[in-house]
Amino acid sequence: MPVVVLAGFLGAGKTTLLNHVLRHADGRRIGVLVNDFGAINIDALLVSGASGGTLNLENGCMCCTTDAGDLAETLATMAAPGTGLGAVLIEASGIAEPKALIRMVLAARSETVAYGGLVYLVDAANFDETVTAHPQVIEHLAIADLVVCNKIDLVPPAAVPALLERIRELNPTAPILPVADAAVDPELFFEPADQIACDDGPRQLTFDELMAEDHGHHDDPGGAHLHATFDSESLETPSAVDPRRLAQFLERPPSGAYRIKGTVYVDLDGHREIAYVVQAVGGFIRVEASSWRGRAPGTSLAVIGAGLDTAATRSALEGVVAQVDGDDVNGILHLTRHLVTAT
């Protein structure tokens, strides 16, 4: 279960983004945590009941107020079998320190909980004023895994390229997604709904599956989809990977990459029967061991981002598929050190 930290300065649009995701969850169950003891500003029509610190929403979401002391316990409870949650979004307060929240989530990682990245919102219409008055925003922006440049419709079109370039200077690697009304496609955070229904275990997702059309929401005027703004590059081959090179690729993904996911084949003694399912967000890596379940071994990887140099990404992908050096006996350790062992 990915745990995504949602941060941004006051008024950037965090709650608007959260509401958009909840409204377009398409049957997915979502966990929402608020990192302070305030009430989350969710439209009243979405709330069907409340009990203590938990709100039960019409789409199956549950929202909790929590603090650092019980975060790990709360996440473990939300990831327990039977809850059916596809992801957890932590909405930070406008004055929260994202680094502290990231450390909390990383400390809470387990075989059922994974860090899903820092999504940082900026107010495009007031960006210069914000960073001048609150320079700490620059530090927060620099560590984001995805930058959502919200309220882009309030910026004169001629000024947009310069604004995006200023953000790129502060964070040279994260994808930058310009949107209006914080309309970020929920497919960025979750598995496709149809995949959840039929999945019988870990396997790679093709980019088409990952970005499956959300047919029920195409008439939403604010529902901008990632298809128009995100790029992808993928690799599918029966060849094995060099585990050392693959680890380097996951740890230092191409500029603009937000998410890497797939299944890889390692042609080494003791590893040929294992289908390694790899996931990476912002350089944070999770590897799971599965089986081929009657499938022919092979390698399938997809890279998703904004502003990707697709030629360079394709070259980097092809670079992980190579003849393993027989003398590199420790190469596999670079991959398996990220392995999550199920209990």
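Our subject in this report is the structure included herewith. (Residues numbered from 1 in each chain as written. Predicted model: local features only at pLDDT ≥ 70, side-chain atom pairs only at ≥ 80, totals over all residues. Heavy atoms only, no water.)

**Brief notes about the overall build of the protein chain**
Step number 1: If you tally the helices and strands in the protein chain, you get 11 helices and 14 strands.
Step number 2: Classification of the 343 residues of the protein chain by burial places 50% in the buried group.
Step number 3: Surface accessibility of the protein chain: about 15,100 Å² in total, with carbon and sulfur atoms responsible for 53%. (Helix = DSSP H or I, 4+ residues; strand = E, 2+ residues; numbered from the N terminus. Buried < 20%, exposed > 50% of the residue type's maximum accessible area, 1.4 Å probe, protein only. Areas by Shrake-Rupley, 256 points an atom, 1.4 Å probe, with all protein chains shown as cover.)

**Some remarks on the sheet that holds strand 13 (residues 284-291)**
Step number 1: The strand order 10-14-11-12-13 describes an open sheet built from 5 strands, whose pairing is antiparallel. The sheet is open, and its two borders are formed by strand 10 (231-237) and strand 13, each paired with just one other strand. Averaged over all adjacent pairs, the angle separating strand axes in this sheet is 10°, with direction ignored.
Step number 2: In this sheet, strand 14 (residues 299-305) lies alongside strand 10 in antiparallel orientation, the contact comprising 7 bridges. By the bridge assignment for strand 14, Glu233 is matched with Val303.
Step number 3: Sheet strands touched by helix 10 (residues 310-319): strand 10 and strand 14. Its angle to strand 10, the strand with the most contacts, is close to 25°. (Pairing = 2+ DSSP bridges. Axes fitted to C-alpha atoms, helices over the stretch in contact; angles between N-to-C directions. Contact = heavy atoms within 4.5 Å.)

**Quick word on the packing of aromatic side chains**
Each aromatic ring pair is specified by the distance between its two centres and by the angle formed by the two planes.
Step number 1: Overall, the coordinates contain 1 aromatic pair when judged by the stated rule.
Step number 2: Here Tyr265 and Trp292 contribute two aromatic rings whose centre-to-centre distance is 6.2 Å and whose plane-to-plane angle is 75°, an arrangement assigned as edge-to-face. Taken as a pair, Tyr265 in the loop between strand 11 (257-264) and strand 12 (274-281) and Trp292 in the loop between strand 13 and strand 14 lie far apart in primary sequence, 27 residues in all. For the pair Tyr265 and Trp292, a shared accessibility class is recorded, and that class is buried. (Phe/Tyr/Trp six-rings, centres within 6.5 Å; stacked < 30°, edge-to-face > 60°.)

**Points about helix 9 (residues 243-251)**
Step number 1: Within the sequence span of helix 9, burial applies to Pro243, Leu246, Ala247, Phe249 and Leu250. Buried residues in helix 9, looked at end-on, bunch into an arc of 160°, giving them a common side.
Step number 2: Where helix 9 is buried, its residues touch strand 11, strand 12, strand 13, strand 14, helix 10 and helix 11 (333-336).
Step number 3: Measuring from the side-chain oxygen of the N-cap residue of helix 9 to the backbone nitrogen of Arg244 gives 3.0 Å; that N-cap residue is Asp242. (Arc of directions from axis to C-beta. Polar contact = N/O pair within 3.5 Å; in protein donor to acceptor, adjacent residues only side chain to side chain.)

**Considering the pairing of strand 1 (residues 2-8)**
Step number 1: Burial analysis of strand 1 places 6 of its 7 residues in the buried class, which makes it a mostly covered element.
Step number 2: One ladder, built from 6 bridges, connects strand 1 with strand 7 (residues 114-123); its direction is parallel. Among the inter-strand pairings, Val3 is bridged to a residue of strand 7, identified as Tyr115.
Step number 3: Pairing geometry for strand 1 and strand 6 (residues 85-91), over 4 bridges, is parallel. Residue pairing in the sheet places Val5 in a bridge with Ile90 of strand 6.

**A few points about helix 6 (residues 160-170)**
Step number 1: Among the residues of helix 6, Val160, Leu163 and Ile167 are the ones counted as buried. All buried residues of helix 6 project into a common sector of 65° when viewed along the axis, lining one side. With respect to the buried face of helix 6, the exposed residues turned more than 90 degrees away are Pro161 and Glu169.
Step number 2: The secondary structure elements touched by the buried residues of helix 6 are strand 7, helix 4 (127-133), helix 5 (136-142), strand 8 (146-150) and strand 9 (176-178).

**Some points on unusual backbone geometry**
Step number 1: Positive phi values are uncommon outside glycine, yet Lys151 reaches one of about 65°.
Step number 2: Within the fold, Lys151 resides in the loop between strand 8 and helix 6.
Step number 3: With relative accessibility at 23%, the residue Lys151 sits in the partly exposed group.
Step number 4: Phi is positive for Asp181, which is not a glycine, with a value near 55°.

**What about the pattern of salt bridges?**
Step number 1: What the rule picks out here adds up to 9 salt bridges.
Step number 2: Residue Arg272 pairs with Asp269 through a salt bridge whose shortest N-O separation is 2.7 Å.
Step number 3: Given a relative accessible area of 35%, Arg272 falls into the partly exposed group.
Step number 4: Looking at Asp269, the relative accessible area reads 64%, which means it is exposed.
Step number 5: It is possible to trace a salt-bridge network through shared partners that takes in Glu233, Arg314 and Glu318. (Salt bridge = Lys/Arg side-chain N within 4 Å of Asp/Glu carboxyl O.)

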